[in-house]
Amino acid sequence: MATQAGKPVKTHLPDEPSTLEIADRFYRALPSGCLVFLRGNLGAGKTTFVRGCLRAAGYQGKVKSPTFTLVEEYSLQNRPVYHFDLYRLTDPEELEWMGMRDYLRPDALCFIEWPERGEGVLPKADVEVVIDIEGSTRNLTIVAISSIGAKVMEAIK
Ligand SMILES: Nc1ncnc2c1ncn2[C@@H]1O[C@H](COP(=O)(O)OP(=O)(O)OP(=O)(O)O)[C@@H](O)[C@H]1O
Ligand SMILES: [Mg+2]
């Protein structure tokens, strides 16, 4: 994986297992509380990446895409994990009504697909995972936003 201090981590993901593998490494580098944004077009592999993280946490069940429910909750390794998919959010204000603030507490690990739908209400992420489609493969970029995110980047190098 090409890395440089402070620079985004970029890597090519030729197939789904490689997405799951990098997600496993990513999860192991996360501190207990962390806000992770996942960006990329429809079908880029955002949910696949979250599935890889949940598997790394020991979760063996089905990982549902929370497209209609907006959020799926897990309790893994004694910590709350929330997986959001905001694709269907029509107004960022809806996040206030659903009590987003409670989900974003410091001890929680939050994964948010389609964070652009919540812009204006969502705080900045600690780390962003960006997946670009390239034919039948993917390109992954991991960007540290906060100092927490920078530590995650250090750990996955
Ligand atoms: N590195 C990869 N190379 C090729 N295909 C991949 C890769 N990673 C994941 N995929 C495939 O991409 C497809 C879509 O994945 P996924 O549902 O995770 O996308 P998504 O970004 O969550 O989409 P949406 O925006 O609709 O929620 C799946 O069929 C998955 O197997
Ligand atoms: Mg998805």
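Preceding this section is the structure that the text describes.
Below you will find a few notes about this structure. (Residues numbered from 1 in each chain as written. Chains lettered and ligands numbered in written order. Predicted model: local features only at pLDDT ≥ 70, side-chain atom pairs only at ≥ 80, totals over all residues. Heavy atoms only, no water.)

**Thoughts on the pairing of strand β2 (residues 34-39)**
By the criterion of burial, β2 is predominantly enclosed, with five of the six residues buried. Looking at chain direction, β2 and strand β5 (residues 109-113) are connected through five bridges and run parallel. If you follow Phe 37 over to β5, its bridge partner there is Ile 112. Here four bridges tie β2 to strand β6 (residues 127-134), and the two strands are oriented parallel to one another. Bridge pairing links Leu 38 to Val 129 in β6. (Buried < 20%, exposed > 50% of the residue type's maximum accessible area, 1.4 Å probe, protein only. Helix = DSSP H or I, 4+ residues; strand = E, 2+ residues; numbered from the N terminus. Pairing = 2+ DSSP bridges.)

**Concerning the site of ligand 1**
The full set close to ligand 1 counts 19 residues, and Glu 16, Thr 19, Lys 46, Thr 47 and Thr 48 are the nearest of them. Within the side chain of Lys 46, one N or O atom sits 2.7 Å away from an oxygen atom of ligand 1. Take Arg 138: an N or O atom from its side chain is 3.1 Å from an oxygen atom of ligand 1. Elements supplying a minimum of two residues to the shell around ligand 1: α1 (16-29), α2 (46-56) and β7 (137-144). In terms of residue count, the dominant contributor to the shell around ligand 1 is α2 (three residues). The residue inventory of the shell around ligand 1, partitioned by class, reads five nonpolar, eight polar and six charged. (Near = heavy atom within 4 Å. Polar contact = N/O pair within 3.5 Å; in protein donor to acceptor, adjacent residues only side chain to side chain. Nonpolar A, V, L, I, M, F, W, Y, C, P; charged D, E, K, R; others polar.)

**Some words on the coordination of the magnesium ion (ligand 2)**
Coordination sphere of the magnesium ion (ligand 2), protein contribution only: Thr 47 (OG1) and Glu 113 (OE), at 2.1 to 2.2 Å. Of the two residues, Thr 47 is situated in helix α2 and Glu 113 in strand β5; the sequence distance between them amounts to 66 residues. In terms of burial, Thr 47 and Glu 113 fall into one category: buried. (Donors = N, O, S within 2.8 Å, 3.2 Å for Na, K, Ca; no water.)

**What about the packing of aromatic side chains?**
Summed over all chains, the structure comprises five aromatic pairs. A centroid spacing of 5.2 Å and a plane angle of 65° characterise the contact between Phe 26 and Phe 49, whose relative ring orientation is edge-to-face. You can see Phe 26 sitting in helix α1 and its partner Phe 49 sitting in helix α2, a full 23 residues away along the chain. Considered together, Phe 26 and Phe 49 belong to a single accessibility category, that of buried residues. Taken together, the ring pairs connect Tyr 82, Phe 84 and Tyr 103 into an aromatic cluster. (Phe/Tyr/Trp six-rings, centres within 6.5 Å; stacked < 30°, edge-to-face > 60°.)

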